[in-house]
Amino acid sequence: MEGPSIDEYRPEHPDIRADFIIPQAWENYTDVEHGVWKTLYERQMDLLPGRACNEFLDGLKALKMPEDKIPNFDEMNEHLMKLTGWQVVAVPGLVPDSIFFEHLANRRFVSGNFIRKPDQLDYLQEPDIFHDVFGHVPLLANPIFADYMEAYGKGGLRAMEHHCLQNLSRLYWYTVEFGLIKTPEGMRIYGAGILSSKGESIFSLDSDSPNRIHFDLPRLMRTKYRIDDYQQTYWVIDSFEELFAETAAKDFGPIYEELPDLGSYEPWDVLAKDKVYTQGTQEYAKSKGRMPVHAA
Ligand code: PHE
Ligand code: FE
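Residues numbered from 1 in each chain as written. Chains lettered and ligands numbered in written order. Predicted model: local features only at pLDDT ≥ 70, side-chain atom pairs only at ≥ 80, totals over all residues. Heavy atoms only, no water.

**Overview of the layout of surface pockets**
There is about 1,100 Å³ of room inside the largest pocket. In terms of residue count, the dominant contributor to the lining of the largest pocket is helix α8 (residues 165–177) (five residues). By residue class, the composition of the lining of the largest pocket is 22 nonpolar, twelve polar and 13 charged. Size it by volume and the second largest pocket reaches roughly 270 Å³. Taken together, the residues that form the lining of the second largest pocket break down as five nonpolar, four polar and four charged. (1 Å grid on protein atoms, 1.4 Å probe; cavity = no way out; pocket = protein on both sides within 12 Å on 5 of 7 lines; lining within 4 Å. Points joined across faces, edges and corners; volume = space filled by probe spheres on them. Helix = DSSP H or I, 4+ residues; strand = E, 2+ residues; numbered from the N terminus. Nonpolar A, V, L, I, M, F, W, Y, C, P; charged D, E, K, R; others polar.)

What follows is the structure, encoded as structure tokens:
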């Protein structure tokens, strides 16, 4: 996910650093902006108990994430640092892949420092502070997930050398952004892209439309994804231990050797060998989908 160059950010953010970090400038948020956070927070918390995994809800509490105002990173980082040694840093928007991975590899999570406008509550293309902080940061308080994210950063730098970044990006998309987890109480959400979206928090668990398939690393790394609408397939893990064992603890070298010769699967494909929990009708994508399919 490359974004603008540093020079394009500089006019608006004169004190941007070479690693794209800018001051959060928390004092500059307006009441309207804090109000957007509060509205989104309330909307999600009406939905998420019983839908989000416990690790996410526990993380929100452990971090004392504010309900009614945009979090101040300095305050939140004190809690986060004590829990897992992670930090959240502000950036103006999308950053180059290598910068993103370098931060993750050093336990720094980059967050956009802006928030969506009150008339764009439901959909925006660029990740804002609500998505980045509410969606992503609570799980960084979980020790196993925290280690997974650091390992992913290191793995990203390695994937770039192997020219397999697209495959590794699919792993991020289908786990960190849109992952589901099967718990004794039922299917739960852990992906930040779902947790920060009212519509997808319902759709991902309740709709008959998408497939829900058990996590399978090589299969998932060959599967395209949509960035413009709800996912057509969700990949389900049993536990964060499983996710870590299947990814961080594995050497991707042999997989990277093979991948260039193998084709890609479509976002809706179901294969005979897949461990399928629900085979979707794809009704939503066929009829009500927001836009035509553009898959990466
Ligand atoms: N273990 C992977 C490798 O050898 C890196 C990785 C870690 C990938 C964690 C994803 C998540 O390249
Ligand atoms: Fe995200």
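**What to know about empty space enclosed by the protein**
Evaluated as defined, the whole model comprises one cavity of 30 Å³ or more. Reported here for the largest cavity is a volume of approximately 30 Å³. Along the walls of the largest cavity sit Gly-135, His-136, Leu-139, Phe-145, Val-176, Tyr-190, Gly-191 and Ala-192, which together make up its complete lining. Here the lining of the largest cavity takes three residues from helix α6 (residues 129–140), the largest share from any one element.

**Quick word on the pairing of strand β1 (residues 87–91)**
Summarising burial for β1: four of the five residues are buried, a large majority. Across five bridges, β1 lies against strand β2 (residues 108–112) in parallel orientation. Looking at β2, one finds that Val-91 is bridged to Gly-112. What joins β1 to β2 is helix α5 (residues 97–105), and the crossover it makes is right-handed. (Buried < 20%, exposed > 50% of the residue type's maximum accessible area, 1.4 Å probe, protein only. Pairing = 2+ DSSP bridges. Right-handed = clockwise from strand over helix to strand, strands pointing away.)

**Quick word on the coordination of the iron ion (ligand 2)**
Around the iron ion (ligand 2), the donor atoms from the protein are His-131 (NE2), His-136 (NE2), Glu-177 (OE) and Glu-177 (OE), and they sit 2.0 to 2.8 Å away. Coordination geometry of the iron ion (ligand 2): the four donor atoms subtend angles of 51 to 133° at the metal centre, consistent with an arrangement described as irregular. Positions of the donor residues of the iron ion (ligand 2) along the chain correspond to the pattern H-x4-H-x40-E. Separated by 46 residues along the polypeptide, His-131 in helix α6 and Glu-177 in helix α8 bring together distant segments of the chain. The pair His-131 / Glu-177 is uniform in exposure class, with both members buried. (Donors = N, O, S within 2.8 Å, 3.2 Å for Na, K, Ca; no water. Tetrahedral: all angles 85-135°; square planar, octahedral: opposite > 155°, others 65-115°.)

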